[in-house]
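# Architecture at a glance
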Amino acid sequence: MGIEVGSILDGKVTGITNFGAFVALPGNRSGLVHISEIAYTYVNDVHDHLAEGQEVKVKVIGVDANNRINLSIKQAAPPPPRPERRPGPRSGGAPNPHPRPEGEHRQPARRPNPGRGGFMPEPAQPRGPASFEDQLKQFMASSDSKLSELHMNEKRGSRRGGRK
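Residues numbered from 1 in each chain as written. Predicted model: local features only at pLDDT ≥ 70, side-chain atom pairs only at ≥ 80, totals over all residues. Heavy atoms only, no water.

Another aspect to go through is the overall build of the protein. The helix and strand inventory of the protein stands at one helix and seven strands. Counting from the amino terminus, helix and strand elements in the protein follow one another as β-β-β-β-β-β-β-α. Relative to its full complement of 164 residues, the protein shows a buried share of 18%. Sequence-distant contacts, at least 24 apart, represent 46% of the contacts inside the protein between residues at least 6 apart. (Helix = DSSP H or I, 4+ residues; strand = E, 2+ residues; numbered from the N terminus. Buried < 20%, exposed > 50% of the residue type's maximum accessible area, 1.4 Å probe, protein only. Contact = heavy atoms within 4.5 Å.)

Summarising the sheet, strand E2 (residues 20–25) and strand E3 (residues 29–34) pair through six bridges and their orientation is antiparallel. The residue of E3 that forms the bridge with Phe22 is Leu32. (Pairing = 2+ DSSP bridges.)

Moving on, we get to the nonpolar core. Core analysis: the largest hydrophobic core is formed by 20 residues, its most contacted members being Leu25, Leu50, Val58 and Leu71. Elements with a contribution of two residues or more to this core: strand E1 (8–17), E2, strand E4 (55–63) and strand E5 (69–72). Residues contacting Leu25, with those up to four places away along its chain left out, are Ile3, Leu9, Ser30, Gly31, Val58, Ile69 and Leu71. (Core = buried A, V, L, I, M, F, W, Y, C linked by side-chain atoms within 4.5 Å.)

Before going further, it helps to spend a moment on the side chain of Ser72. Turning to its location among the elements, Ser72 is positioned in strand E5. Owing to a relative accessible area of 0%, Ser72 belongs among the buried residues under this scheme. A polar atom in the side chain of Ser72 sits 2.6 Å from the side chain of Glu37. A polar side-chain atom of Ser72 sits 3.0 Å from the main-chain amide nitrogen of Gln75. Sequence-distant contacts of Ser72, defined by excluding residues within four places in its chain, comprise Val33, Glu37, Lys57, Val58, Lys59 and Ile61. (Polar contact = N/O pair within 3.5 Å; in protein donor to acceptor, adjacent residues only side chain to side chain.)

What follows covers the sheet that holds E1. Strand order in the closed barrel formed by five strands is E1-E2-E3-E5-E4, and the pairing between neighbours is mixed. In this sheet, adjacent strand axes meet at a mean angle of 50 degrees when their direction is disregarded. (Axes fitted to C-alpha atoms, helices over the stretch in contact; angles between N-to-C directions.)

Another aspect to go through is the pattern of salt bridges. Taken as a whole, this structure holds three salt bridges when the rule is applied. For Asp10, the salt bridge identified is with Lys57, shortest N-O distance 3.1 Å. One end of the pair, Asp10, is in strand E1; the other, Lys57, is in strand E4, and 47 residues separate them in sequence. For Asp64, the salt bridge identified is with Arg68, shortest N-O distance 2.8 Å. For Asp64, a relative accessible area of 26% puts it in the partly exposed group. (Salt bridge = Lys/Arg side-chain N within 4 Å of Asp/Glu carboxyl O.)

This part is about the environment of Leu9. Relative to the helices and strands, Leu9 is located in strand E1. The spatial distance from the C-alpha of Leu9 to the C-alpha of Pro26 is 7.9 Å, given a sequence separation of 17 residues.

Positive phi, close to 60 degrees, is recorded for Asn28, a residue that is not glycine. One can find Asn28 in the loop between E2 and E3. Backbone geometry at Asn67 places phi at a positive 65 degrees, although glycine is not the residue there. Secondary-structure assignment places Asn67 in the loop between E4 and E5.

A cluster of nonpolar side chains, namely Phe132, Leu136, Phe139 and Met140, defines an oily patch on the protein surface of about 450 Å² accessible area. Examined against the element boundaries, Phe139 turns out to sit in helix H1 (residues 132–160). (Patch = residues over 30% accessible without salt bridge, like charges linked within 9 Å, V, L, I, M, F, W, Y side chains within 5 Å. Areas by Shrake-Rupley, 256 points an atom, 1.4 Å probe, with all protein chains shown as cover.)

This next bit is on the side chain of Glu37. Mapped onto the secondary structure, Glu37 falls in the loop between E3 and E4. Those residues in contact with Glu37, other than ones at most four positions away along the chain, are Ile61, Leu71, Ser72, Ile73, Lys74 and Gln75.

Coordinates in, geometry out; function isn't part of it.
Written out as C-alpha cells, the structure is:
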C-alpha cells in the first residue's frame, strides 16, 4: 500500500518532541505530525494533546524529496464548529444612530510632523480590503519613516547636550 498525499491513515504515536510527534504508519513507515498540525487550537505542549502509544487518525499532507512523510491530525477530522457571533454595532446589529449623508466623508486623520512643528494629513487610503502585500508595503514605509525621524532626532539631541 503506497502512502499518497491526501490519504487518511490510522497510526500510533511512537515519540513526542517539542516540535511535534512521530507516528508509526502501515507498511513499517513513520511520519511526523508538526505541532501546528495537531489541533485547531494553539498547542503549547504536545504532551497536552498526545501520549506515546496513542492511536491516531492522520492525513498525509506531504512527502518530501527525502521520502519523509508530513502528517496532520487536525486535517484528518472536520474542523470544530465556529462559535456563533453575537450581533454588534459593526456586524449588522442596531442601525447607526448618526448616519452620514450620501457623499459626505470623514476628514483624513492627522499625524504629527515634528520637522515642521505641525501636523500633516495622513495619505488617503483606498476603500475596501487591501491585500496583505499592500498592507505590508504600507507598514514598512511607515516604519522606515518613523525610524528615520527617530534617528534624526537622536542626532540633533546629541549636539545640544555639548560641553559646558
